[in-house]
Amino acid sequence: MRERLPGSQDRFRVIKRNTRIIGCFACAITLLMAGMMTAVIAQGAQEPALFTAQQAAQGKKIYAVRCAGCHGDQLQGGAAGALAGPAFARAWASGGKWASSKFTVDDLDFVIRTTMPKDAPGKLSAEDYTEVLAFILQQNGYRSGPTPLRAGSPLMKKTRLRFGAANEQAMAPPPLRIEGNPDAVPKGGGPTQEELSHAADSTSNWLYQTHDYSGSRYVALDQINDTNAGQ
């Protein structure tokens, strides 16, 4: 039979009581943290919605055609910079800190409208630019709502850029082909395709490096001949 040490019963009661206190304290901490998280979530939910879901959906289509070739189909970057995630946040946040950007949504809108697409800055319609911006904001954690996004609105001017905890995405390889603008027409004069195709028959113009497509390097001209070449 094991002998009970003096005072062991009192010590057991103290330990048991302290364990209850620690457990209650842990529960209180858990409830406090849950309350704080609820407050943060509620604060995010109270932020005004900047665009509609329809604008973001349409912006996704425009982005796929005019922007994804350089910025990546998931906005992760490629031949041009990322438009979502940590790399995008670092480019816009003050001092490299994600949550302290001094720029507004209106600033981002201005840059997009005046510099993009790279091959034709400012050439999209005003509505197209707004819808692309809505898609980019959606991909950076902004929520949609019933009110459409309007360029230059007071809400855009006062809403600072913020960035959620987006996952770092792998840099996409440069695209094998970047679709050009089918409406672009080269400027400047020059021979027509019809003239080049019949360059071999021309005795008045040397239109091609080798005179014609066959590479003859010869034209039947007789204004200079062996009787007047020495003049």
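Quick look at the structure, then. Because the structure is predicted, anything quoted here is derived from the model rather than measured. (Residues numbered from 1 in each chain as written. Predicted model: local features only at pLDDT ≥ 70, side-chain atom pairs only at ≥ 80, totals over all residues. Heavy atoms only, no water.)

What follows concerns the overall build of the chain. Each helix and strand counted, the chain has 8 helices and 0 strands in total. Shown N-terminal to C-terminal, the secondary structure of the chain runs as helices and strands in the order α-α-α-α-α-α-α-α. Within the span of the chain, comprising 231 residues, buried residues form 26% of the whole. The long-range share in the chain, meaning contacts at least 24 apart out of those at least 6 apart in sequence, stands at 58%. Within the structure as shown, the chain displays about 16500 Å² of accessible surface, and the carbon and sulfur contribution to it stands at 58%. (Helix = DSSP H or I, 4+ residues; strand = E, 2+ residues; numbered from the N terminus. Buried < 20%, exposed > 50% of the residue type's maximum accessible area, 1.4 Å probe, protein only. Contact = heavy atoms within 4.5 Å. Areas by Shrake-Rupley, 256 points an atom, 1.4 Å probe, with all protein chains shown as cover.)

This paragraph deals with the pattern of salt bridges. For side chains of opposite charge, pairing can occur when their charged atoms come near one another. On inspection of all chains with the given rule, the structure shows 2 salt bridges. D106 serves as the salt-bridge partner of K157, at 3.5 Å between the closest nitrogen and oxygen. In this pair, K157 is assigned in helix α7 (residues 154-158) and D106 in helix α5 (residues 105-115), connecting sequence segments 51 residues apart. Given the relative accessible area of 46%, K157 is considered partly exposed. Of the charged contacts in the structure, one is a salt bridge between R113 and D109, with a shortest N-O distance of 2.9 Å. Of the two residues, R113 and D109 are both situated in helix α5; the distance of 4 residues between them amounts to about one turn of the helix. (Salt bridge = Lys/Arg side-chain N within 4 Å of Asp/Glu carboxyl O.)

Among the residues of α5, those classed as buried are V105, D106, L108, D109, I112 and R113. All buried residues of α5 lie within an arc of 155 degrees about the axis, which places them on one face of the element. Close packing links the buried residues of α5 with α4 (86-92), α6 (126-139) and α7. (Arc of directions from axis to C-beta.)

Our next topic: the packing of helix α2 (residues 53-66) against α6. Packing of α2 against α6 leaves a shortest axis separation of 7 Å and a crossing angle of 100 degrees. Judged on the interaxial angle alone, α6 and α2 are roughly perpendicular. Touching Q55, A56, Q58, G59, K60, I62 and Y63 of α2 are E127, D128, T130, E131, V132, A134, F135 and Q138, all from α6. The residue makeup of the contact of α2 with α6, split by class, is 6 nonpolar, 5 polar and 4 charged. (Axes fitted to C-alpha atoms, helices over the stretch in contact; angles between N-to-C directions. Parallel < 35°, antiparallel > 145°, perpendicular 65-115°, else oblique. Nonpolar A, V, L, I, M, F, W, Y, C, P; charged D, E, K, R; others polar.)

Turning our eyes to something else, we now look at the packing of aromatic side chains. Taken as a whole and judged by the stated rule, the model has 1 aromatic pair. Ring geometry for Y63 and F135: centres 5.4 Å apart, planes at 50 degrees, overall tilted. Of this pair, Y63 sits in helix α2 while F135 sits in helix α6, and the two are 72 residues apart along the sequence. (Phe/Tyr/Trp six-rings, centres within 6.5 Å; stacked < 30°, edge-to-face > 60°.)

Quick look at the environment of G122 now. With respect to the helices, strands and loops of the structure, G122 is situated in the loop between α5 and α6. Considering only alpha carbons, one finds G122 and V111, 11 residues apart in sequence, at a separation of 9.9 Å. Once residues within four sequence positions are removed from consideration, G122 is found in contact with R113, M116 and Y129.

Peptide bonds are trans in most cases, and residues, glycine excluded, mostly fall at negative phi. Residues M116 and P117 are joined by a peptide bond in cis, for which omega reads -10 degrees. Mapped onto the fold, P117 is located in the loop between α5 and α6. Phi at R217 is positive, roughly 50 degrees, even though this residue is not glycine. Along the chain, R217 falls in the segment after α8 (193-197).

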